[in-house]
Amino acid sequence: MGRIGIVVSDLVLSFMWIWAGVLVNILVHGVLGFSRKDTTGDIVRYLFSVISMFVFAFLQKLTKGGLYNPLTALASGVTGGFGSFIFTVLVRIPAEVLGSILAVKHIIHTFPEIGKGPRLNVAIHHGALTEGILTFFIVMLSLGLARKIPGSFFMKTWIGSIAKLTLHVLGADLTGGCMNPAAVMGWAYARGEHITKEHLLVYWLGPVKATLLAVWFFNVVFKPLTEEQEKPKAKSE
């Protein structure tokens, strides 16, 4: 797929990702009637969240690289060379942010009573550290899965989904456990808080620095694949 196709895929998947999270909540708490304080409701919501992540993993595979998370795009761009990095920062990430903003606008127009997205419940630096740590671990895991089991779609998606869900739960009461600046940006833009110090430090600077650190650390600890090692990987995918 050409670069234009990738950018369109990023925008569409980002739009769909925001809607998917909202629809899961509506299904669990609205249609099925589970209370937000009900443990069973949480379990059902987590189950649907995992299913949703499988669907989006398939869509990423179908679009041959479409993404909905700027941190995933950044990690890929950094490892792909200078040209790929510039394209990611200047084109792909803005497209993902735009997709999220459009999705939130559409959601609020369709469901005016819907929530206002994640909120920071701790001090700014505590929040930035929290999002940074969560991001570091999920990026390290993603890089490791891509290296160790490159051809196993189900296994990679299963491990990745459970890890993301676990980290989300750990950070939910502090920052929302987002690990996705574009998604947070969509809701923050709707509230008029997208250029606040809180938003920029906690949901952008912390996760971006953690992503760059994770990529650097992974490349230092694990040697890059040789051309001979890359060929079997490409065939398996």
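This one's a predicted model, so the numbers in the text were calculated from it and none came from an experiment.

Below, the discussion takes up the environment of Val215. Checked against the element boundaries, Val215 lands in helix H8 (residues 197–221). On the accessibility criterion, Val215 (2% relative accessible area) is buried. Put simply, Val215 and Met53 are 162 residues apart on the chain and 23 Å apart in space, counted from C-alpha to C-alpha. If near-sequence neighbours (up to four positions away) are discounted, Val215 is found in contact with Ala75, Val78, Thr79, Val139 and Leu143.

Listed under "transmembrane region" (unreviewed entry) in the UniProt record, and renumbered for this structure, are residues 12–31, 43–59, 71–93, 123–146, 167–189 and 201–222. End C-alpha to end C-alpha, residues 43–59 measures 25 Å, and it is 100% helix and 0% strand. When the span residues 71–93 is considered, its composition is 91% helix and 0% strand, and the gap between its end C-alpha atoms is 9 Å.

What follows concerns the nonpolar core. Ile138 and Val139 are the most contacted members of the largest nonpolar core, which totals 14 residues. Looking at this core, the elements with two or more residues in it are helix H5 (124–148), helix H6 (153–171) and H8. When residues of this core are assigned to their parent elements, the largest contribution, six residues, is made by H5. Not counting chain neighbours up to four residues away, the residues in contact with Ile138 comprise Gly160, Ala163, Lys164, Leu167 and Met179.

Further remarks concern the pattern of salt bridges. Summed over the entire model, instances satisfying the criterion amount to four salt bridges. Note that Asp10 is salt-bridged to Arg92, the shortest N-O span being 2.6 Å. Of this pair, Asp10 sits in helix H1 (residues 3–31) while Arg92 sits in helix H4 (residues 82–110), and the two are 82 residues apart along the sequence. Close ionic contact of Asp42 with Arg45 constitutes a salt bridge, the shortest N to O distance being 2.9 Å. Placement of both Asp42 and Arg45 in helix H2 (residues 39–62) is noted, with a separation of three residues, approximately one turn of the helix. Taking the relative accessible area as the measure of exposure, Asp42 reaches 19% and is therefore buried. When its relative accessible area of 18% is taken as the criterion, Arg45 is described as buried. Salt bridges sharing partners connect three or more residues here, namely Arg119, Arg191 and Glu193.

Rules and cut-offs
- Residues numbered from 1 in each chain as written.
- Predicted model: local features only at pLDDT ≥ 70, side-chain atom pairs only at ≥ 80, totals over all residues.
- Heavy atoms only, no water.
- Helix = DSSP H or I, 4+ residues; strand = E, 2+ residues; numbered from the N terminus.
- Buried < 20%, exposed > 50% of the residue type's maximum accessible area, 1.4 Å probe, protein only.
- Contact = heavy atoms within 4.5 Å.
- UniProt positions renumbered as here; feature names shortened; annotations may be inferred.
- Core = buried A, V, L, I, M, F, W, Y, C linked by side-chain atoms within 4.5 Å.
- Salt bridge = Lys/Arg side-chain N within 4 Å of Asp/Glu carboxyl O.

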